[in-house]
Amino acid sequence: MRPAVLDRLGEIRHDWTLAEVQTLFALPFSDLLFHAQRVHRRHFDPNRVQVSTLLSVKTGACPEDCAYCPQSVRYETGLEREQLLEVEEVAAAAARAKAAGATRFCMGAAWRSPKERDLAVVIAMVRVVRALGLESCATLGMLTPAQAAALAAAGLDYYNHNLDTSPAYYQKIITTRTYQDRLDTLAAVREAGLKVCCGGILGMGEAPEDRAGLLHALATLPAHPDSVPINQLVPVAGTPLAGSAPPDPLDFVRTIAAARLTMPRAHVRLSAGRGAMSDELQALAFLAGANSIFYGDKLLTTGNPDPAHDAALFARLGIRPEERPGVSVELGSDAVELAAAHGAA
Ligand code: SF4
């Protein structure tokens, strides 16, 4: 019997039930991809992919205990700590990212939440990124409503704050902040008028129902995130999740497709872990509705596909970078120094 949930695909809904999301995951693979591609084409050019770059502006020594993250001060990962960068260093990195074809520049800082003096520096960084004509994004930890408003007033476009996993599995991954803390920051960001970037990580030992639970939590927010990064864990020696097995690649693609169906207008981003994915798996993910990537040859502690390889993959697939109004972009092969903050932004 045809599941009733299929009759409402393509609608922008906030009343998803967990059972409905699980029904999507349980569809035959080809049916799931067919529906996801159909909905994707309703809202996006299927041959355009948005390209972001990510720079760590403050690295390591984070007091939080996210089990996947080499930046936590609690784990011995050999990570070299770095103080908050100078604004000029960020301006130079953003200019290089723009020259290499990025349209969005994301800045990450390993903080529980920003101190006021640090926020003032990040605000200056946001201004220089915007002055270059790039979209700006930041991930700085938990924010108060006043901090979110200050970032919005400076011209920040996006704020990243991930839910990471399902509410049920969350306690296995982080104990130093609650799921509700995260929802509160997301509310502050939304209310400040910032666009929300919020997703999660697969491959942390979660069960299939946790992947459905993550998407259910995201799709039932008062507004769907504008960007939904779906990361694959990059296990890092010294972190509690160092020995985690990767998710089944087809289950990863299922999650992308279910994200596309539950949040039809969101940019679904292939984020951390792309370096471990074959070209064919990435092509399947694009077919399932992924339409954003992080671009650049290096993440903080792990590799990212070589920019020249990404440019070649785009060419093989007939994919072009998504353009911003009035801005034409090409993927170049200039090496962009990227660093991931918050483990797997
Ligand atoms: S994910 Fe972010 S908050 Fe968690 S330990 Fe890493 S830097 Fe800190």
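Residues numbered from 1 in each chain as written. Predicted model: local features only at pLDDT ≥ 70, side-chain atom pairs only at ≥ 80, totals over all residues. Heavy atoms only, no water.

Let's talk about the packing of helix α2 (residues 29-43) against helix α8 (residues 249-262)
Link 1 in the chain: Look at α2 against α8: their axes get within 9 Å of each other, and the N-to-C directions meet at 40°. Looking at the two axes, α2 sits oblique to α8. Relative to α8, α2 is oriented so that their crossing is left-handed. In this structure, α2 uses F29, L32, L33, H35, A36, V39 and H40 to contact α8, whose residues at the interface are L250, V253, R254, A257, R260 and L261.
Link 2 in the chain: Residues that form the contact of α2 with α8 fall into these classes: 9 nonpolar, 2 polar and 2 charged. (Axes fitted to C-alpha atoms, helices over the stretch in contact; angles between N-to-C directions. Helix = DSSP H or I, 4+ residues; strand = E, 2+ residues; numbered from the N terminus. Parallel < 35°, antiparallel > 145°, perpendicular 65-115°, else oblique. Left-handed = near helix turned anticlockwise from the far one by under 90°. Contact = heavy atoms within 4.5 Å. Nonpolar A, V, L, I, M, F, W, Y, C, P; charged D, E, K, R; others polar.)

A word on the environment of F105
Link 1 in the chain: With respect to the helices and strands, the residue F105 is situated in strand β2 (residues 104-109).
Link 2 in the chain: Each residue touching F105, except ones within four places of it in the same chain, is listed here: T53, L55, V90, A93, A94, A97, V129, L134, E135, S136 and C137.

Observations regarding the pattern of salt bridges
Should the charged atoms of two oppositely charged side chains come close, the side chains can pair.
Link 1 in the chain: Under the definition given, this model contains 16 salt bridges.
Link 2 in the chain: Between R211 and E206 there is a salt bridge, and its shortest N-O distance comes to 2.8 Å.
Link 3 in the chain: Under the relative-accessibility criterion, E206 is labelled buried at 7%.
Link 4 in the chain: Taken together, the salt bridges that share partners define one network made up of R8, E11, R13, D15 and E20. (Salt bridge = Lys/Arg side-chain N within 4 Å of Asp/Glu carboxyl O. Buried < 20%, exposed > 50% of the residue type's maximum accessible area, 1.4 Å probe, protein only.)

A short note on a negative patch on the surface
Link 1 in the chain: Negative charge collects at one region of the surface, where E80, E82, E86, E88 and E89 lie side by side.
Link 2 in the chain: Note on E89: relative accessible area 42%, which makes it partly exposed. (Patch = residues over 30% accessible without salt bridge, like charges linked within 9 Å, V, L, I, M, F, W, Y side chains within 5 Å. Areas by Shrake-Rupley, 256 points an atom, 1.4 Å probe, with all protein chains shown as cover. Lys, Arg positive; Asp, Glu negative; His and termini not counted. Charge placed at Lys NZ, Arg CZ, Asp CG, Glu CD.)

Function cannot be inferred from these measures alone, as they are strictly geometric.
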